[in-house]
Amino acid sequence: MSTANEAANYEYVTARARARRAALFDADDYRKLVRMGPGEIARFMEETEYEEEMNALGARYSGVDLIEYALNRNLAKHFDDLLDFAEGKLYDYLARYLRKFDAWNVKTVVRGIYSGADRQEIEDDLIRAGELDDRVLDRLVEADSVETVVEALDNTLFGDALAAAYDDYEATGVLVPLENAVDRAYYRTLLSGLPPEPDRATRLYVEFLQAEIDFRNVRNALRLARSGADIDPAEYFIPGGRLFDEAELRQLVGNPDQLVERIRASPYGDDLDAALDQLDAAGSLIEFERALEEALLEYSHTLSNRYPLSVCPVLAYILAKEREVDNIRAIARGTEAGLSGDEIEEELVVR
């Protein structure tokens, strides 16, 4: 395993990340996919870089299940590769960032237990690309209650936050307090322990993460507003961004027009003209949320081009790869549900 004291090999890893990003599905691929049935989508994927996963899982699954599990396995493979490629400080940045899949897996297990899913369904939805090892993940999958999951994570980065949120979960009977605790613990560790006088590489890493936190805060606040629940958005605020504080977010969440203007006047504004125009034109909160996703992708691409030999192109690739997987999953599920091609295309984020 690389250490932060070793030299970071930016040139090699960014070249590999850019090559993989160039191989991602484009708008033409998505237009083809939305006009296919699940079987046709599976055959299309067998002729792409998903071939290995589709073939390995084809005897066990079919249809949309095969597509989803192949997507998860492929995602984990690519991000494990990035860690294998990286050295020194770059390895540390990526290992921190890829803990997002630890957060994903914890929330997947909790949601599965909460909804009564069986063990195999939960295990199949895990993405083994974080730092929690197979032993810990197996213990989580075998848990018979949410409380057992919280106890099993006691000595992890999520332990204290989940323990503190468990009483709220029991009192409300909803998962929001636990899911929020997982997210906040993840983002807190992303920005902790960095050098007190950061060099350029660390400043770029922090700038990228601040943007993600800012856009996550806006998205979470919009979801709470849309839910109609009597919950203060400030209670679910993730510290570490540079755009809002709790009080300002609480004030803006009910007024999308002012929210757009606040982003337009922010440090992101000059880089996000087109994306902010889409935010302005959004006719619903669902469209607004999708436009936020596009804006974050656009900003990550801008940082990637501006700082080509840095962590930014690698993190931008990770976001873009996640989005490809989300898009293919949305197409497969939408097709299975009988949605039209136009309806499915409205759910995609293509940037």
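Everything discussed here concerns the structure shown above.
Thresholds, definitions, all that
Residues numbered from 1 in each chain as written. Predicted model: local features only at pLDDT ≥ 70, side-chain atom pairs only at ≥ 80, totals over all residues. Heavy atoms only, no water. Salt bridge = Lys/Arg side-chain N within 4 Å of Asp/Glu carboxyl O. Helix = DSSP H or I, 4+ residues; strand = E, 2+ residues; numbered from the N terminus. Buried < 20%, exposed > 50% of the residue type's maximum accessible area, 1.4 Å probe, protein only. Phe/Tyr/Trp six-rings, centres within 6.5 Å; stacked < 30°, edge-to-face > 60°. Patch = residues over 30% accessible without salt bridge, like charges linked within 9 Å, V, L, I, M, F, W, Y side chains within 5 Å. Areas by Shrake-Rupley, 256 points an atom, 1.4 Å probe, with all protein chains shown as cover. Axes fitted to C-alpha atoms, helices over the stretch in contact; angles between N-to-C directions. Parallel < 35°, antiparallel > 145°, perpendicular 65-115°, else oblique. Contact = heavy atoms within 4.5 Å. Nonpolar A, V, L, I, M, F, W, Y, C, P; charged D, E, K, R; others polar.

(A) Geometry of the pattern of salt bridges. Evaluation of the coordinates by the stated rule reveals 30 salt bridges. Close ionic contact of R119 with E142 constitutes a salt bridge, the shortest N to O distance being 3.3 Å. Residue R119 is located in helix α8 (residues 119-124), and its partner E142 is located in helix α9 (residues 134-142); the two are separated by 23 residues in the primary sequence. Notably, a salt bridge pairs R242 with E207, separated by 3.9 Å at the nearest N-O pair. Pair noted here: R242 is in the loop between α13 (200-227) and α14 (246-252) and E207 is in helix α13, with a separation of 35 residues, a long-range link. The exposure class assigned to E207 is buried, which follows from its relative accessible area of 18%. Connected through salt bridges with shared partners, the residues E68, E293, R323, D326, R329 and R333 form a single ionic network.

(B) Broad picture of the packing of aromatic side chains. Summed over all chains, the structure comprises 12 aromatic pairs. Measuring from centroid to centroid gives 5.8 Å for F25 and F44, while their planes differ by 90 degrees, and the two rings are edge-to-face. Of this pair, F25 sits in the loop between α1 (10-22) and α2 (27-33) while F44 sits in helix α3 (residues 38-46), and the two are 19 residues apart along the sequence. There is no split in this pair, since F25 and F44 are both buried. Aromatic side chains F79 and F101 sit 5.4 Å apart centroid to centroid with 35 degrees between the ring planes, which places their arrangement in the tilted category. Of this pair, F79 sits in helix α5 (residues 63-85) while F101 sits in helix α7 (residues 100-115), and the two are 22 residues apart along the sequence. Each of the two residues, F79 as well as F101, counts as buried.

(C) Fine view of a nonpolar patch on the surface. A surface patch of nonpolar side chains, amounting to about 230 Å² of accessible area, comprises Y114, V174 and V176. Within the fold, Y114 resides in helix α7.

(D) Structural context of the packing of α3 against helix α18 (residues 312-336). Between α3 and α18, whose axes approach to 9 Å, the crossing angle comes to 155 degrees. One finds that α3 runs roughly antiparallel with respect to α18. Between α3, through P38, I41 and M45, and α18, the contact on the second element is made entirely by I328, I331, A332 and T335. Its residues placed into classes, the contact of α3 with α18 shows 6 nonpolar, 1 polar and no charged.

(E) How the structure looks around the packing of α7 against helix α12 (residues 176-190). For the pair α7 and α12, interaxial distance at closest approach is 10 Å and the crossing angle is 170 degrees. Classified by the interaxial angle, the pair formed by α7 and α12 is roughly antiparallel. Along its contact with α7, which presents K100, A103, V106, K107, V110 and R111, the element α12 presents L178, E179, V182, D183 and Y186. Of the residues that constitute the contact of α7 with α12, the class distribution is 6 nonpolar, no polar and 5 charged.

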